[in-house]
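# Chains, contacts and geometry: an overview
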Amino acid sequence: MTFEPERLGQSRSDLAEALRGQRKRAGKTQTWLARRCNMSQTKVSNIEGGKLTPSLADVELILEALGADSPIATEILSLARSANTEWQDHWSSRRRGLDKKQNELARLEAASTELRFFLLSMITGLLATPEYVRASIADVPGDQSKTIAKKLERQQILYDGSKSFTFVLTEQAVRWPLLPPMAMAMQLDRLVSVSRIPNVRLGVIPLGGHIQERPLNTFTVYDRRLATVETGTGALILRDRRDVTAYLEDFNRYEEYAVFGDDCREVLTEWSASFTRPRQ
């Protein structure tokens, strides 16, 4: 199945229809299927009605219970993977209002315990100064004061001791001069401060030595259940356990190249000073 972002929403209803049709062809009731798969009848009904997107594990259980043959099972599993992927383009987000996007992110953060951020090219809002936040959305027309306020409000989640945060930033993300030199120095000082919060691990990957990895995107992994991947025109939301696991493994590899703790703060302090050091 080729990837078509505009069909991701449709794939959920296609999956519901395919699973419902497969059950009926097998001559089984929802109650029988629920009992066989150790699910509630309500869950089966919601899956077949398109109200609930099943995980791939759920779909595999259902197909096995119904004895679906290989070609049909492969097609339905492909639908399930697409149904567990959501595409959010920047233009739609801007039409709805970026402040609403901040509400979605806040809900994700509130519902998660272990959050991992790989930052390839920019500093994320949770770590940003007000000046950096403002500059990061300067190209969006209209009054963005509400969005800026919500971005800064979200930063309070960092002080929730029941959660753990790991941030891995490349040197490019940290040092990209989005702001004038003095403001950039203040932004790096903010990173140093955040790195001292007990439940936050903040590391940087200096661009030196030999790095065998080749990262392509900024991404975030929420627990082990969901990953968001940013592109130039939007973001993918991935719920398929194979996708989430792949990004977890990527994160673990990048983490090995990062420096943390006092070593990280020493690097950040040096980079901060470089913004205000007089040019020779």
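Described below are features of the structure shown in this document. These numbers come from a predicted model, not from an experiment. (Residues numbered from 1 in each chain as written. Predicted model: local features only at pLDDT ≥ 70, side-chain atom pairs only at ≥ 80, totals over all residues. Heavy atoms only, no water.)

In this section: the pattern of salt bridges. Inspection of the entire model under this criterion finds 15 salt bridges. Of the charged contacts in the structure, one is a salt bridge between D58 and K43, with a shortest N-O distance of 3.3 Å. Of this pair, D58 sits in helix α4 (residues 56–66) while K43 sits in helix α3 (residues 41–48); the two residues are 15 residues apart in sequence, bridging distant segments of the chain. The partner of R239 in a salt bridge is E86, with the nearest N and O atoms 3.5 Å apart. Separated by 153 residues along the polypeptide, R239 in the loop between β7 (234–238) and α12 (241–256) and E86 in strand β1 (residues 85–89) bring together distant segments of the chain. Overall, the relative accessible area of 23% leaves E86 in the partly exposed class. Through salt bridges with shared partners, a single ionic network connects R81, D240, R242 and D243. (Salt bridge = Lys/Arg side-chain N within 4 Å of Asp/Glu carboxyl O. Helix = DSSP H or I, 4+ residues; strand = E, 2+ residues; numbered from the N terminus. Buried < 20%, exposed > 50% of the residue type's maximum accessible area, 1.4 Å probe, protein only.)

Quick look at the side chain of T228 now. Mapped onto the elements, T228 comes out in strand β6 (residues 226–230). Judged by its relative accessible area of 13%, T228 is buried.

Here the focus is helix α11 (residues 181–194). The end-to-end C-alpha distance of α11 is 20 Å, a good match for the 20 Å that 14 residues give at a rise of 1.5 Å each. Lining the buried residues of α11 we find α8 (130–136), β3 (164–170), α10 (171–175), β4 (200–205) and α13 (261–276). (Expected span 1.5 Å × (residues − 1). Contact = heavy atoms within 4.5 Å.)

Turning to the sheet that holds β6, a few remarks are in order. With mixed pairing, the seven strands of this open sheet are ordered in space as β1-β7-β6-β5-β2-β3-β4. In the strand order of this sheet, the two ends are held by β1 and β4, each with one partner. Averaged over neighbouring strand pairs, the angle between their axes works out to 10 degrees when direction is ignored. Bridge count between β3 and β4: six bridges; the pairing is parallel. In the sheet register, T170 faces β4, and the bridge partner there is I205. (Pairing = 2+ DSSP bridges. Axes fitted to C-alpha atoms, helices over the stretch in contact; angles between N-to-C directions.)

Attention now moves to the nonpolar core. Ranked by size, the top nonpolar core spans 41 residues in total, and within it L127, F165, F167, L169, L202 and L268 carry the most contacts. When residues in this core are grouped by element, the largest group, seven residues, is from α11. Excluding residues within four positions of it along the chain, L202 makes contact with L127, F167, L169, L191, V194, S195, V259, F260, G261, C264 and L268. Among the nonpolar cores identified, the runner-up in size contains 21 residues, and I47, L56, I76 and A80 belong to it. (Core = buried A, V, L, I, M, F, W, Y, C linked by side-chain atoms within 4.5 Å.)

As for its placement among the helices and strands, A111 is situated in the loop between α7 (98–110) and β2 (114–119). The sequence separation of A111 and G67 amounts to 44 residues, and the corresponding C-alpha distance is 36 Å. Residues in contact with A111, not counting those within four places in the same chain, are K163, D223 and R225.

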